[in-house]
4 protein chains.
Amino acid sequence: MLKIGPYEFQSRLLLGTGKYPNFDVQKEAVEVSESEILTFAVRRMNIFEASQPNFLEKLDLTRYKLLPNTAGATTAKEAVHIAKLAKASGLCDMVKVEVIGCQKTLLPDPFETYKASEELLKEGFIVLPYTSDDVLLAKRLQELGVHAIMPGASPIGSGQGIINPLNLSFIIEQATVPVIVDAGIGTPSDVAIAMELGADGVLLNTAVSGAADPVKMAEAMKLAIQAGRLGYEAGRIAKKRYATASSPTEGMSIG
Amino acid sequence: MLKIGPYEFQSRLLLGTGKYPNFDVQKEAVEVSESEILTFAVRRMNIFEASQPNFLEKLDLTRYKLLPNTAGATTAKEAVHIAKLAKASGLCDMVKVEVIGCQKTLLPDPFETYKASEELLKEGFIVLPYTSDDVLLAKRLQELGVHAIMPGASPIGSGQGIINPLNLSFIIEQATVPVIVDAGIGTPSDVAIAMELGADGVLLNTAVSGAADPVKMAEAMKLAIQAGRLGYEAGRIAKKRYATASSPTEGMSIG
Amino acid sequence: MLKIGPYEFQSRLLLGTGKYPNFDVQKEAVEVSESEILTFAVRRMNIFEASQPNFLEKLDLTRYKLLPNTAGATTAKEAVHIAKLAKASGLCDMVKVEVIGCQKTLLPDPFETYKASEELLKEGFIVLPYTSDDVLLAKRLQELGVHAIMPGASPIGSGQGIINPLNLSFIIEQATVPVIVDAGIGTPSDVAIAMELGADGVLLNTAVSGAADPVKMAEAMKLAIQAGRLGYEAGRIAKKRYATASSPTEGMSIG
Amino acid sequence: MLKIGPYEFQSRLLLGTGKYPNFDVQKEAVEVSESEILTFAVRRMNIFEASQPNFLEKLDLTRYKLLPNTAGATTAKEAVHIAKLAKASGLCDMVKVEVIGCQKTLLPDPFETYKASEELLKEGFIVLPYTSDDVLLAKRLQELGVHAIMPGASPIGSGQGIINPLNLSFIIEQATVPVIVDAGIGTPSDVAIAMELGADGVLLNTAVSGAADPVKMAEAMKLAIQAGRLGYEAGRIAKKRYATASSPTEGMSIG
């Protein structure tokens, strides 16, 4: 069970809603994924323009929690503004704080992210900051009171997977709130690695929406979340340099 | 569908039966895994001593294909002898050829493995050699007529996972028979990586039997096989050095 | 040529002076390394207690720049205090800002590091902050006016080498001041990798002082710096999935 | 000191002579590298056509041992034929056995490599087989009497470096003859890694000849060999998960 603020979820997969081939594929991928939390860029949604089509119309909103993100913001001020717009729609009180400091790497600005999180906590939001895997930054955000930490695995949309499993595991070890690995996921195995490290969940988007078959990949990701989580709970064998026979034959009578 | 020789299987997970805490845990792990092929060391089984307990008695043998291995053999001659003993039991006509060349690394001897495979093919066995990830050795075994190639990911029981994904993918690219990754698997993500590379199946033992909770790990491995296979079929996104926004905001009207 | 603030150095290797077996080994390692910048923990030195032995007495201080670090500080205030003590000795005006946020990982606190750097810049120090590999944190420190960025490769003394070469290369790409990889180095190859990524220098300590033969390792590190730097300047070949013959034989007349 | 058969060498770098921009660059790279063993494809050389230019004319052959390779051979028979042609020139009695099994990966055929090595040993050659990193294949070749083992790091000319350091270290651990890492090297750090694993030498070609500045890269490789070897001899620190202070401050009196 994943708990974020007052909410509880069966699924540990958070799915982004950007860049699907079309709304039908998006809808099917969302359903197959069994995600209960959908994230989207507030600035990209037409939620405030009734005349425009909108993927939210396609979804049964009673089944999903919406997690708007502040993509497009480069300052705390912009992020807070965007978050308030989203909340004003009445559709959500969670927000993924995303304050980008560099357009080439889309990596987050630690100071503006911190400031935006602080402000939005005061405003009563359920705050989930997207952050680097800086271990102390994660700790400071946690001390601030954020409701989850969302460290990136690698740059957004890069598909490079988890470059620094050590930092992720340090963040997880020290965590008192859920740790949701966000950004950079490319494959089901990337998801499984995150979960095996003890992450509470994974947020991904391009890995599914950009796959050759997004619906099939959505299913793969759902299963990878479960496989990785069970693997974490089941307790893996230790790594050894040399081999260990699974088929000992000492003292056998045959041959 | 996995096809090995004349046989077809729904499951792509081959499970070893060594070193479980007890027969009950083993039985439950086997069931949860949904494996249809069970491997065991002929020299370790009491199949020829009716007075001894034997895990086969616990299993409904109509549901499983047995894949005896020749663990303990260090020469082709010994391997052939062991394989014949197994076949003589009337329980199986498949054999995993395992001819170990070094007791510390438990890595296979290429020449004796080749010779044993050649001999057992002549004898009418369905032959699955355990081999290194030497790409040309795999090719030569394939040309010999073996029914599947079983390259090791890393040393048996080491839990180091797939050290050389390039060689595995070369073996898979050139393969005309199933490629089943064997040995060294530690985690569900290791399994997913193998399947994402295009492997036809994965054989593992210690990763499940040696886990803190073998039954839970068996389920994790089952799901990882499915996740990895679907991920392979779904077509992953390309890796990129820099980021790519999933939430483009150009030309947005808000903020 | 490495330039830090007003100073120029032939060597790109910065050597720490902690934990050598004895002063003689330390002295010899320092000489063999050809380092021109020596770092040491202010709090560990007896520089203020004339009655105590002190490795500085063993060195010809006209040949080296001293880079005191603020190890032991957990707040900006402590770091500033320690830096001022060091400067008051009259031996140095450079300082490595080290504000640790976690005693287990010895990873730096981004906020206190930033604050300490800001304060010490105002006080006229040449400021080199030890930081995580957070790309935007490095950028913000650079904008603040620090004289070099010192991102960690992995935890201090861990010998894990460079876990995230991508972040390091992003930091280097955006850098307008020298980037000196600091912490986590274990081997000459780790050093070479850092330099091949385009780092301007490497700071290490335990990799040399903790080696079985510190003097020999000091020489290895000196050579690795040169090898990596030359490799960077020489322009490596691109990585390819498949092979490319170095010995083309098409159209040959023999055989 | 590297000893191969009856010969002794100061340098542990073996340099290939293929694909340099021109003979002058090649000559300078060779000199700067301080290599004492030069390898070349017999089929590519004009050593039997006096009217054609030939890089050997540019070199002082009293300073180098020549190591002709059998590139272009796909069978033992061809390799033996090529080796004999080379020896007939009176310039060399060493041979790098290279029997390629696949034109896409340029990976070696284990059986033909073994056969060619066996035959050439009988003919009195100093035999250095290029092989995969199959640990038992290396052992069998060694038992055959070859004078060095040359496992590939990754495909020829791929610049992927050492994909499987475990297999290399197993080969080195069991070796009774020199182990020279051959093929796939891209950077000085790749060379250093090989040497730190305990390799006796490294053979490379494209990494130098294909670099933007081959002469500078040749120098980088020379230094990397030395750095890696010294690092191996000096005894690296152990890797640790958590940090270890190089600047202990417990019980310090300042601050």
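Worth saying up front: this structure is predicted, and the values here are computed from it rather than measured.

Scoring rules and cut-offs
- Residues numbered from 1 in each chain as written.
- Chains lettered and ligands numbered in written order.
- Predicted model: local features only at pLDDT ≥ 70, side-chain atom pairs only at ≥ 80, totals over all residues.
- Heavy atoms only, no water.
- Helix = DSSP H or I, 4+ residues; strand = E, 2+ residues; numbered from the N terminus.
- Rg over C-alpha atoms; globule rule 2.2 N^0.38 Å.
- Buried < 20%, exposed > 50% of the residue type's maximum accessible area, 1.4 Å probe, protein only.
- Contact = heavy atoms within 4.5 Å.
- Areas by Shrake-Rupley, 256 points an atom, 1.4 Å probe, with all protein chains shown as cover.
- Lys, Arg positive; Asp, Glu negative; His and termini not counted.
- Charge placed at Lys NZ, Arg CZ, Asp CG, Glu CD.
- Least-squares fit on C-alpha atoms with pLDDT ≥ 70 in both.
- UniProt positions renumbered as here; feature names shortened; annotations may be inferred.

> What is the right way to look at the overall build of chain A in this model?
Secondary structure summary: chain A contains eight helices and 10 strands in total. Computed over its C-alpha atoms, the radius of gyration of chain A comes to 20 Å, within 12% of the 18 Å expected for a compact globule of 255 residues. Expressed as lengths along the three principal axes of its C-alpha atoms, the size of chain A is roughly 80 × 40 × 35 Å. For chain A, buried positions account for 64% of its 255 residues. Taking the intrachain contacts of chain A between residues at least 6 apart in sequence as the baseline, contacts between residues at least 24 apart amount to 65%. Accessible surface, chain A: about 8,800 Å² in total, of which carbon and sulfur atoms supply 48%. When the 25 basic and 29 acidic side-chain charges of chain A are each reduced to a single mean position, those positions are 2 Å apart.

> Whenever I open this one, unusual backbone geometry confuses me. Can you help?
Residue Leu-106 of chain C is not a glycine yet carries a positive backbone phi of 50°. Structurally, Leu-106 of chain C is set in the loop between strand 6 (94-97) and helix 3 (110-122).

> Looking at this model, I keep getting lost on the relation of the copies chain A and chain B. Mind explaining?
When chain A is fitted to chain B, the best match, at an RMSD of 0.0 Å, comes from turning it 180° and sliding it 0.0 Å along the axis. Between the two chains, the operation in question is that of a two-fold axis. Ranked by how close their C-alpha atoms come to the rotation axis, the residues of chain A are headed by Ser-189 of chain A, at 2.4 Å. Counting the interface residues of chain A, we find that 100% of their copies in chain B are interface residues as well, pointing to one common contact surface.

> When you look at the UniProt feature "binding site: 1-deoxy-D-xylulose 5-phosphate" (unreviewed entry) in chain A in this model, what are you seeing that I'm missing?
When the UniProt feature table is mapped onto this chain numbering, "binding site: 1-deoxy-D-xylulose 5-phosphate" (unreviewed entry) sits at Gly-157, Ala-183, Gly-184, Asn-205 and Thr-206 of chain A. Maximum C-alpha separation among the annotated residues is 9.2 Å over a sequence range of 50 residues, consistent with a single clustered spot. Position of Asn-205 of chain A relative to the elements: it lies in the loop between strand 10 (201-204) and helix 7 (206-209). On the accessibility criterion, Asn-205 of chain A (9% relative accessible area) is buried. Tracing the sequence through the fold places Thr-206 of chain A in helix 7. In contact with Thr-206 of chain A, not counting residues within four places along its chain, are Gly-157 and Ala-211 of chain A together with Ile-237 and Ser-246 of chain B.

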